[in-house]
Structures are given as C-alpha cells and as structure tokens.
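Observations on the model geometry
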Amino acid sequence: MSIRYHQGGQSLKATLNRFSKLGAFVWLLLTASLVVSLLNRDAMGQQNAPMRLTLDQAIDLALKQNHSIHLRSLSVDQMRSKKDEARSNYFPQIKASGSVLHITELAGIEIPAGSFGNFASTGPVPAKSLFIDQGSATGYTAGVGLEQPLTQLLRVHQANVAAKQDVLVAQTQLDQTQDAIALQVRQLYYNILINQQKLQASQEQLTTATVKGDETHSDVARGNALEVVDLQSRASILQAQQQALILKLQGDDLRRQLADLLGLPVSTHLDLDPDTTAHNIDIPSRADAIRIALDQNQDLRTARQSLEKAKAGLGAAKDAYIPDITALSRYSYQSGIPFLVHNFGTFGFSVSYDLFDGGRREAQLREARTETRSAEVAIDKLQSEIEVEVEAVYDRIEVFRQTVDVAEQAVKVRTEAARLADRQFEQNAALNSARSQAHADLSSANASLFEADFGLSLAQADLKRTIGQMPR
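Because the structure is predicted, anything quoted here is derived from the model rather than measured.

Take the overall build of the protein chain next. For the protein chain, the helix and strand inventory stands at nine helices and ten strands. Per-residue burial for the protein chain yields a buried fraction of 29% across its 472 residues. In the structure as shown, the protein chain presents an accessible area of about 29,500 Å², 57% of it carried by carbon and sulfur atoms.

In structure tokens:
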C-alpha cells in the first residue's frame, strides 16, 4: 500500500508540474495577445484620429499632392523632352547601314580568239575566246555615313522656337493650376469654417425653438393659447432640425472635397484650425492691378507664348520653299561590286527640291498666317476680358468691405440685445424663450460676420490670382 501511495504521489506531482507549465504558457499567450490588442487599438486610434491642418499647411499639402498639379508637372517634363528632341536636329546624323544583294544575271567582258593579234611564233592571242565575269552574283555592302543638314537648319530653328514656347506654355499652365488649387483650398477651408459657425447658430436656433415649444405647450395646457400655436411651434422645431441636418450634410461634403483636393483619401477626417481668422491680403491699387494683370496674367502669358509659336510655324512654312541642301560623307566596304576597291570613302553634297507638291506648301503657309492672326486677336480679346475681370473683382472687394462693416454693426446691436435680454430674464421681465432667441440671433450675426470676413479675404485672393500671383 505504501508503495502504491508513493507511486500515486509521484504521478500526481508530475501532473501538477505539467499543469503549472501549461498555465504559465497560457498566461504568456494571454499577455502577448493583450499587448498586441492594445498596440492594434492604438494604431487604429492613430489612423482614425483626425488630421489637424492650418490653412497654410493645407495649401502646402495641396501644392505637393494634388493630382491636377501632378499632371501639369508631368506635362512640363513631356514638353521639355520634346524640346530636346527638336534640338537634336541641329546636330549631324551618323548612321550605319549595310545590305546583302543577289543578282540574277551578271554582265561580262568577252574577248574573242585572236583579238590581240595572230603571231607566227604564238598563234592567235588569245588562243581561244575568253569571258571575264564582272563582280559576283552576291554582293555585300556596309558603311558609316554622316549627314549634316544645311538649309534645313532654318526650319529646325523655327521648330526649336515652337518647342521652347510649348515648354513655357506648359510651365505657365502649371503655375496657373497651382494658383487655382491654392484659391480652391482657401475657399473650401473657409467654407468649412463658415459651415461650422452656421451649424452652431442653427443648433442654437433649434434650442430656442425647443424652449418656445415648451412654453407654448404649457400655455396650451393652461388654456392661455390655442392648439394651433402649439402646432406652429412644433413645425418651427422640425424646420430648425431640418436646417441643422442640411448644414451637417453640406459640411461633410465640403470636407470630402477638401480631402480630395489635398490628394488625401476622401474618408480622411480633417480637423481644421478653429482659431483661423480671415487675413487681409495686400493688394495693389485698381490701376496698378490692371497694369500688373496685363503683364503677368497666366492666360495672357499663355496667349502670348502661343503667338510666338504661331510665328515660328509661319517662318517654317516660308522656309519650306528653300531647297534642302545636305553635306554628307561616308566610309564604305563592299564585296562583289566590279571595279571598286573593298574600302573606299565618299563625300559631297545632296540637293533636293519639290518641284510640284499639289499646293501643299501654299496651303500650309495660309494656315500658318491664319493661326498667327488668330493668336493676335486672342491676345486683344484677353486683354479686354482681364480688365473687366479686375474691375469686377475690385467692385466685389468694395461690396464685401461694406458688408463687413454692416455685419460688425449688426453684431454690436445683437450683443447689446442679448445683454438686455439676460438682464430682463434675471429680473423676471422676459421669458426664457426671448433670452434664448436673443442669443441665437447673436450667434447668427456672428456667423454672418464670419462669412463676410472670409468673403472679403477670398475676393482679395481671387484678385491676386487674376493678376498672376499666388493667392497666399
């Protein structure tokens, strides 16, 4: 019995040891799982955390990641490559060529017997007719040649001028896109902040409508008001709720648009700086703005560059009447061609001219003249439109300045009204709904002032873009 008990004790001890090891393993596994879960939760929290952006940071991010700007930048690189391609035509072309040709029948030289005389000592010379082949049936040629265009350089020069203008047009369009994106970022950024202010004012209006509804319901219950008044109060509450929902939907849509403009996923949560205020942008006077716009406006710069390109095309169309003269030299190897050494060189000039082309060159010349004239008319048209646009933007700036003044006065009046409403409510001289309505009107007035300030800043930024400057 004692032996059995001892063996059973040993078995029990081994079992307990195994369970303790298993428990330690399970404890370590649970600890590791908990740590991984916490890390994943922190990572998900960081991913879902809103992205805080100031206005300057948003503009810088858009200029770096916006897809339209990226496409314009690639277009500039493409035009530069085409310009390098056009510039290569200035240089001589070195080409290697070779051929293998098989001739079906060869000509030869036949010398009849006795053609060189008939002598007593030797007999006829030659003694019998001879046939000498010229070359071989299969011939091989190879060589390296250099060709340098001469008169064609006139057209090459015009093509390079046109290619250079294409690069400048692409660069100007890139600058124009950057200015437009910067203005759009500013506009969306401001609209989101304005939407937040309006949403806050709408929520206060909803609170006011709810307070009025409670008071109206009590009046109806006491018999001091008709039931229709209670229904109208409920309708006002529903209308305020609807307005708040519309503003919230507009805010979400504006945030998605801003995220897409910044080159971010549309689901990115953006947290804009609530302390952002509308900064007055330094702008020139009206006369100086028109002068600067006529000199630096991107559309006008593009039109002038297009005119230079059209002039280059007109010059190339005129140069097409000049014969093509090319200097050339070549080093060749041949095998199978009669009366030529295996290695030889050639050099000289080649001239070609189209005597009749069916009127193609004349048509190209007329087309180039029309294109040049169209570019000149486009410049005149743009100059007039830019003057009108600058005047219109300046008028809008003046209106926004007056709007800001009016909005500031309205805020002062609403602030005083809210103060008086608070005092009357404290003295039991006014209902809670009147006090709440005064504060809601003050919030709406602040939102209107906020919108007017941002509208003025946007108009000033638009003027900067119109005169060809970055709206920063």
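After that view, the rundown keeps rolling.
Glancing now at the layout of surface pockets. If you add up the space inside the largest pocket, you get close to 240 Å³. Along the walls of the largest pocket sit 13 residues, with R155, A320, D324, R360 and R361 positioned nearest its centre. With three residues, helix α8 (residues 360-426) is the largest single contributor of residues to the lining of the largest pocket. Its residues assigned to classes, the lining of the largest pocket shows six nonpolar, two polar and five charged.

This brings us to the nonpolar core. Among the nonpolar cores identified, the biggest contains 32 residues, and V185, Y189, L258, L262, L270 and L272 are the most heavily contacted of them. Where this core is concerned, the elements lending two or more residues are α2 (55-65), α3 (67-87), α4 (153-222), α5 (227-261), β8 (270-272) and α9 (432-466). Looking at this core, the element that brings in the most residues is α4, giving twelve residues. Discounting residues that sit within four places of it in the chain, L270 has contacts with M51, L53, R255, L258, A259 and L264.

With that settled, the discussion passes to a nonpolar patch on the surface. Taken together, the side chains of Y321, Y353, L355 and F356 make up a nonpolar region of the molecular surface, amounting to roughly 520 Å² of accessible area. With respect to the helices, strands and loops of the structure, F356 is situated in the loop between β10 (343-352) and α8. Owing to a relative accessible area of 74%, F356 belongs among the exposed residues under this scheme.

Bringing the sheet that holds β10 into the picture now. With respect to topology, four strands assemble into an open sheet ordered β2-β7-β9-β10, the strand pairing being antiparallel. Because the sheet does not close on itself, it has two edges, and the strands there are β2 (93-102) and β10. The sheet shows a mean angle of 25° between the axes of neighbouring strands, taken without regard to direction. Judged from the ten bridges that link them, β2 and strand β7 (residues 138-149) form a sheet pairing that is antiparallel. Bridge assignment links I94 to a residue of β7, and that residue is L146.

Summed over all chains, the structure comprises two aromatic pairs. For the pair Y190 and F454, a centre-to-centre distance of 4.1 Å together with 15° between the ring planes defines the contact as stacked. Remark: F454 occurs in helix α9 and Y190 occurs in helix α4; sequence separation between them is 264 residues. Relative accessible area serves as the criterion here: at 0%, Y190 is assigned to the buried category. Judged by its relative accessible area of 1%, F454 falls in the buried class. Where F450 meets F454, the ring centres are 4.3 Å apart and the plane angle is 75°; that geometry is what we call edge-to-face. Here F450 pairs with F454, and both are found in helix α9, just four residues apart, close to one helical turn. When its relative accessible area of 17% is taken as the criterion, F450 is described as buried. A cation over an aromatic ring shows up here: R361 above the ring of Y353, its NZ or CZ 5.1 Å from the ring centre.

What follows is about the packing of α2 against α4. What describes two packed helices is the angle between their axes and the distance between those same axes. Running from N to C, α2 and α4 point in directions that differ by 140°, and their axes come no closer than 9 Å. Relative to α4, the element α2 is oriented oblique. Regarding α2 and α4, the two cross each other, and that crossing is right-handed. Where α2 approaches α4, its residues L55, A58, I59, A62 and L63 are matched on the opposing element by Q178, I181, A182, V185, R186, Y189 and Y190. Per-class residue counts for the contact of α2 with α4 are ten nonpolar, one polar and one charged.

Okay, the packing of α4 against α5 next. Running from N to C, α4 and α5 point in directions that differ by 165°, and their axes come no closer than 8 Å. The angle between the axes of α4 and α5 places the two elements in the roughly antiparallel class. Our pair here, α4 against α5, has a crossing hand that is left-handed. Here the contact of α4 with α5 is composed, by residue class, of 16 nonpolar, 17 polar and seven charged.

As a further point, take the side chain of T177. On the secondary structure map, T177 appears in helix α4. Once residues lying within four places of it in the same chain are set aside, the contact partners of T177 are S68, I69 and R72.

A few words now on the side chain of Q298. The residue Q298 is located in helix α7 (residues 298-319) in this model. A polar atom in the side chain of Q298 sits 2.6 Å from the side chain of D179. Apart from the residues lying within four places of it in its own chain, the contact partners of Q298 are T172, D175, Q176, D179, R465 and G468.

Moving on to α3. Every α-helix winds through 3.6 residues per turn, so residues three or four apart in the chain are directed the same way. Compared with an ideal rise of 1.5 Å per residue, which puts 21 residues at 30 Å, α3 spans 30 Å between its outermost C-alpha atoms and is within 8% of the ideal. What α3 keeps buried is the set I69, V76, M79 and A86. The arc that holds every buried residue of α3, seen down its axis, measures 90°, which confines them to one face. With respect to the buried face of α3, the exposed residues turned more than 90 degrees away are H67, L71 and E85. Residues of α3 that are buried make contact with α2 and α4. The backbone nitrogen of S68 has a side-chain oxygen 2.9 Å away, supplied by the residue at the start of α3, namely N66.

Analysis parameters
Residues numbered from 1 in each chain as written. Predicted model: local features only at pLDDT ≥ 70, side-chain atom pairs only at ≥ 80, totals over all residues. Heavy atoms only, no water. Helix = DSSP H or I, 4+ residues; strand = E, 2+ residues; numbered from the N terminus. Buried < 20%, exposed > 50% of the residue type's maximum accessible area, 1.4 Å probe, protein only. Areas by Shrake-Rupley, 256 points an atom, 1.4 Å probe, with all protein chains shown as cover. 1 Å grid on protein atoms, 1.4 Å probe; cavity = no way out; pocket = protein on both sides within 12 Å on 5 of 7 lines; lining within 4 Å. Points joined across faces, edges and corners; volume = space filled by probe spheres on them. Nonpolar A, V, L, I, M, F, W, Y, C, P; charged D, E, K, R; others polar. Core = buried A, V, L, I, M, F, W, Y, C linked by side-chain atoms within 4.5 Å. Contact = heavy atoms within 4.5 Å. Patch = residues over 30% accessible without salt bridge, like charges linked within 9 Å, V, L, I, M, F, W, Y side chains within 5 Å. Salt bridge = Lys/Arg side-chain N within 4 Å of Asp/Glu carboxyl O. Pairing = 2+ DSSP bridges. Axes fitted to C-alpha atoms, helices over the stretch in contact; angles between N-to-C directions. Phe/Tyr/Trp six-rings, centres within 6.5 Å; stacked < 30°, edge-to-face > 60°. Lys NZ or Arg CZ within 6 Å of the ring centre and 35° of its normal. Parallel < 35°, antiparallel > 145°, perpendicular 65-115°, else oblique. Left-handed = near helix turned anticlockwise from the far one by under 90°. Polar contact = N/O pair within 3.5 Å; in protein donor to acceptor, adjacent residues only side chain to side chain. Expected span 1.5 Å × (residues − 1). Arc of directions from axis to C-beta.

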